[in-house]
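Structure at a glance
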Amino acid sequence: MNTTSTVPEDRTPDRVRRELSDANISIGRRVRNRAATVAMAVAFLLAAGPLVLMAANVFSQGLPAVTNLDWWTQPIPADVGRADLAGNEQLQDLGFGDQAADPDSTASTDSADSSTDGLVALGMQPAIVGTFLTVLGASALAIPLGIMGAVYLNEYGKRNRLANFIRFMTDVMTGVPSVVMGVFIYSIWVLRFGVEGKSAFAASLALACLMLPIVVRSTEEMLRLVPDPLREASAALGTRTWKTTVGVTLPAALPGIVSGCLLAVARAAGETAPIVFTIGFVTTTNWRFTGQNTTLSAQIYSQLQNGGDLATQMAWGAAVTLIGIVLVLTLIARFVARRYALR
Amino acid sequence: MSTDAVVTPEGLVPTGGLPGAGSVSVAPAPAPDLHEPLAAASVIAEPELAPVVFDVSDLSVFYGDYRAVRDVSMRIRRNEITGFIGPSGCGKTTVLRCFNRMNDLIEGARVQGRLDYHGVDLYAPDVNAVEVRRRIGMVFQKPNPFPKSIYDNVAYGPRIAGTKKRSELDDIVERSLQRAALWDEVKDRLKSSALGMSGGQQQRLCIARAIAVDPEVILMDEPCSALDPIATARIEDLMKEIKTDYTIVIVTHNMQQAARVSDATAFFSTEVNPDSDVRTGLLVEFDRTATIFSNPHDQRTENYITGRFG
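Residues numbered from 1 in each chain as written. Chains lettered and ligands numbered in written order. Predicted model: local features only at pLDDT ≥ 70, side-chain atom pairs only at ≥ 80, totals over all residues. Heavy atoms only, no water.

**As for the overall build of chain B**
A tally of helices and strands in chain B yields 12 helices and 12 strands. Counting only residues that meet the buried cut, chain B has 53% of its 310 residues in that class. In chain B, of all internal contacts separated by at least 6 residues, the share reaching a separation of at least 24 is 66%. About 13,300 Å² of surface is accessible on chain B, with carbon and sulfur atoms providing 52% of the total. (Helix = DSSP H or I, 4+ residues; strand = E, 2+ residues; numbered from the N terminus. Buried < 20%, exposed > 50% of the residue type's maximum accessible area, 1.4 Å probe, protein only. Contact = heavy atoms within 4.5 Å. Areas by Shrake-Rupley, 256 points an atom, 1.4 Å probe, with all protein chains shown as cover.)

Have a look at this one:
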């Protein structure tokens, strides 16, 4: 033990400073460090690039349609595709004004006087309403059921055979292609009730099938993160398991559960395949769960099928609207979760 | 019934069947003057012993096929502090968690033997674990307040038990926090999060939370192990103060703590089966605290409390 005040030969400040400095790091290590840093930055750009490009593209193409008030208030023009393809003359015959005849200027310029003087109004209200209805219906079906299922798996079933079986089936269900869900609901619902069966509710059923496994697994993961001592503290006060779950476990996991459910909602809102079998088609707004309806995703699909510049523009507009709706839902849910999260 | 002990009308009498265990435990007989002759002899000033709350005989705890603890027999008395001491992994906590059936929550845990609470077998089929826990509260090793406000933490138990009226809850919260010596520190921020408190405050909050449901017994599982000496001293003072109203059982790693606060002490140890390398916890000695620390009857107890580990 060195108790004297003299500094040992090999421990002078200069020497220690040199040992601790960056210069002491070997060239090889510095090169590897720099290479890895660059590689990570490139990987990030590669991952973020398509996202940014996609968003920029969608917004620039879709904004003209969306910024028009008609978009939110008017029915979908029934034969916009055919009219557009048939050329200007026929467009005018059909009641399309001069401005509407030029596809590029239609959405952005015919806002003020469009619907009143017989010009075509590029409306999307039926699909916006339909999207809200189907997603709302699917959420109402899948979220409570999914959360209850997750509570069973994590709080009651734990590792027993039934719980393991459900867990396995949920995983299988996650992997089922969405079109299969559509066919499933088509066969058990639409075929049974005929044209009457095509409705927002049928679409909700199909989307709920899609959402359920996502809700179950994400909620279960979140419940698993709640520390056991909290459950024990509650149990030690003479609390039944279900009251512990409602009073402590679920609130503690709430922000995560909300995120998981949102993921499911966003997924459902964007699904097309299960929708087109089950929802039918309308061009006027239908506020009910019964009767045929349409959604933004279905509109993107069918407008592109129609072809033509106007229809393409409507598809872009529907895409922007869809992204916007999911974004708004996300923000609302985040806010709610933060507001009610336990701290 | 284990072959290591026989039950006689006087109670459980160890027969010394354990390797090296001359006296496994002090087995009190029903008549008060014969109850704990060793204690009576060594502690002259010992007043008449309080009524028995828990009567444990020949308790073993299993996790699956593994027997974690065996041969626990003791009597825990009202308004006393009973300390469990012993090295890590000897089953103190496991035994403690039998007293309010917390082990039920662990998969595969099961109990053999008898654990009577006022003469009722806690593990009888018609006994409801939730009702047991309502009467026998628990404070855990790590402070585990709910992620709620201070007020809601304390009010949680009474609310579950059905107290709805705001004024009543206010009373209970204030009384419990005062009893836990926390009121003055938090009375101005009852609505703020319990997670913003210091560790010592959190643990006292957990005690207040346990007190709020007015239990008869409070089980404490190393309540001070995560706390500094000052917070520890406060909790020890608190325990001594509230034992007039409650029966307390405390697990502690700290022998001094057991010596300071407890009236009776149980010393647990482990035994390794040389063939299978399986460790089993067992109760070595149970007696009045003064006896355990000044005049233990088992060599292993003496080795432990004098710092020579057996």
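**Describing the packing of aromatic side chains**
Residue and element names in this part refer to chain B. Taken as a whole and judged by the stated rule, the model has nine aromatic pairs over all chains. On the basis of an interplanar angle of 50 degrees and a centroid distance of 4.5 Å, the ring pair of Phe-146 and Tyr-156 is categorised as tilted. Highlighted residues: Phe-146 in the loop between strand 8 (136–139) and helix 5 (150–160) and Tyr-156 in helix 5, separated in sequence by 10 residues. Using a relative accessible area of 0% as the deciding quantity, one classes Phe-146 as buried. Directly above the aromatic system of Tyr-151 lies the positively charged group of Lys-191, at a separation of 4.1 Å from the ring centroid. (Phe/Tyr/Trp six-rings, centres within 6.5 Å; stacked < 30°, edge-to-face > 60°. Lys NZ or Arg CZ within 6 Å of the ring centre and 35° of its normal.)

**Side note on the interface of chain A and chain B**
Contacts between the two partners involve 20 residues from chain A, matched on the other side by 27 residues from chain B. Taken together, both faces of the contact between chain A and chain B bury some 1,900 Å²; the carbon and sulfur share is 61%. Applying the counting criterion to the chain A and chain B interface returns two salt bridges. With a closest N to O distance of 3.6 Å, Arg240(A) and Glu131(B) form a salt bridge. For the interface between chain A and chain B, the tally reads five residue pairs in polar contact (both at pLDDT 80 or more). The set of elements that each furnish at least two residues to the side of chain A that touches chain B consists of helix 12 (228–235) and helix 13 (241–270) of chain A. (Buried area = accessible area lost by both parts, 1.4 Å probe. Salt bridge = Lys/Arg side-chain N within 4 Å of Asp/Glu carboxyl O. Polar contact = N/O pair within 3.5 Å; in protein donor to acceptor, adjacent residues only side chain to side chain.)

**Regarding the pattern of salt bridges**
Following the criterion strictly, the structure yields 31 salt bridges over all chains and no others. In this structure, the salt-bridge partner of Glu271(A) is Arg267(A), at a minimum N-O distance of 3.3 Å. Look at Glu271(A) and you get buried, because its relative accessible area is 12%. Its salt-bridge partner being Arg114(B), residue Asp116(B) comes within 3.1 Å of it at the nearest N-O pair. The buried category is assigned to Asp116(B), whose relative accessible area is 12%. For Arg114(B), a relative accessible area of 39% gives the class partly exposed. Where salt bridges share partners, they join Arg167(A), Asp171(A), Arg217(A) and Glu220(A) into one cluster.

**Notes on the sheet that holds strand 5 (residues 81–85) of chain B**
Residues and elements named next belong to chain B. Within the open sheet, the 10 strands sit side by side as 7-6-3-4-12-11-5-10-9-8. Their pairing is mixed. Edge positions in the sheet fall to strand 7 (120–121) and strand 8, since each of these pairs with one other strand and no more. Two strands pair when backbone bridges link them, and strand 8 and strand 9 (residues 217–221) are joined in this way by four bridges, in the parallel orientation. Residue Met-138 lies in a different strand from strand 9, and its bridge partner there is Leu-219. Its contacts with the sheet place helix 9 (residues 229–242) against strand 5, strand 9 and strand 10 (247–251), and it is angled at close to 150 degrees to strand 10. (Pairing = 2+ DSSP bridges. Axes fitted to C-alpha atoms, helices over the stretch in contact; angles between N-to-C directions.)

**As for the nonpolar core**
Among the nonpolar cores identified, the biggest contains 90 residues, and Met124(A), Phe54(B), Val72(B), Met74(B), Phe84(B), Phe99(B) and Phe268(B) are the most heavily contacted of them. If sequence neighbours within four positions are ignored, Met74(B) has contacts with Phe54(B), Asp55(B), Val56(B), Phe84(B), Phe99(B), Ala266(B), Phe268(B), Leu283(B) and Phe286(B). Membership of the second largest hydrophobic core comes to 37 residues, among which are Val186(B), Ile207(B), Ala210(B) and Ile211(B). (Core = buried A, V, L, I, M, F, W, Y, C linked by side-chain atoms within 4.5 Å.)

**Re the confidence of the model for chain B**
Residues and elements named next belong to chain B. The share of residues in chain B with pLDDT of 70 or more is 84%, and the mean pLDDT across the chain is 83. At the level of individual helices and strands, chain B shows its lowest average pLDDT in strand 2 (residues 11–14), which scores 42, and its highest in strand 10, which scores 95. Across residues 1–44 the pLDDT falls below 50, and counting only partners more than four positions away or on other chains, this stretch makes 86 contacts in the model. With a pTM of 0.76, the predicted complex shows an ipTM of 0.78. (pLDDT = per-residue confidence, 0-100.)

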